[in-house]
Amino acid sequence: SPIEESNQIRINEIDALITQNSIDLNNRNYLEIGFRVPKVQNYFREKYNMNDHGLDINMFNCELFNELGYNVKVVDINKENTKFFNNKFDIVSCYHVLEHTYNPEAALINIYNNMSDKSILHIEIPIEADNPQLNYGHLIGFYPQELGNLLNHIGFKIIYGTNKTHTGGSYIERYIATKGY
């Protein structure tokens, strides 16, 4: 099925970074957190020959996509010192997940600890400040630049940030951050 506009914008950002820096991803590890339908995961598998993995909290999604040949599992990223899989990840994407966590800092520390020494995080959250959209299961309402400050605090290096969203999309922040570069 076609990739929707929101994911195409995200993919274009990562592709540009990979191309500009001549990053070889062949047989490296990709992780999509909160994949719902693993279209982005499949993109990295097909285009870059990456070992793709996915995490979600929805058991049904994980069972279905495991049957379809994806390496996915149920993990609660809020829990400290959680090892996601038996390997570290070179690229991690995490789109519209942190607002569903009860401890975004612990979740980001878990993500950081599951990344390889030279790796990339692509992350996006809605900006909802004091008004998290509870009807969507959002527990946290992020303020502008709050995620960027948290990424820096944990040890990531932000190399790109934007508010660009898809047509009709809500106010968001998206970052590309690195570990170890």
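Residues numbered from 1 in each chain as written. Predicted model: local features only at pLDDT ≥ 70, side-chain atom pairs only at ≥ 80, totals over all residues. Heavy atoms only, no water.

Draft legend 1. Region of the structure containing the pattern of salt bridges. Tallied over the full model, the rule gives 7 salt bridges. Lys39 is the salt-bridge partner of Glu4, the closest N and O atoms lying 3.0 Å from each other. With Glu4 in the segment before helix 1 (5-20) and Lys39 in helix 2 (residues 39-48), this residue pair connects regions lying 35 residues apart in the sequence. Look at Glu4 and you get partly exposed, because its relative accessible area is 34%. The salt bridge involving Lys47 is made with Asp15; its shortest N-O contact spans 3.6 Å. Taken together, the residues span a long stretch of sequence, with Lys47 in helix 2 and Asp15 in helix 1 at a distance of 32 residues. Overall, Asp15 belongs to the buried group, its relative accessible area being 11%. Beyond isolated ion pairs, a larger network of salt bridges with shared partners links Arg10, Glu13, Glu124 and Arg174. (Salt bridge = Lys/Arg side-chain N within 4 Å of Asp/Glu carboxyl O. Helix = DSSP H or I, 4+ residues; strand = E, 2+ residues; numbered from the N terminus. Buried < 20%, exposed > 50% of the residue type's maximum accessible area, 1.4 Å probe, protein only.)

Draft legend 2. Here's a closer look at unusual backbone geometry. Here Asn49, not a glycine, exhibits a phi torsion of approximately 55°, which is positive. Mapping Asn49 onto the fold places it in the loop between helix 2 and strand 2 (51-56). With a phi close to 65°, Gln145 is a non-glycine residue in the positive phi region. Its place among the elements puts Gln145 in the loop between strand 5 (115-126) and helix 5 (146-154).

Don't take any of this as a statement about function, it's just geometry.
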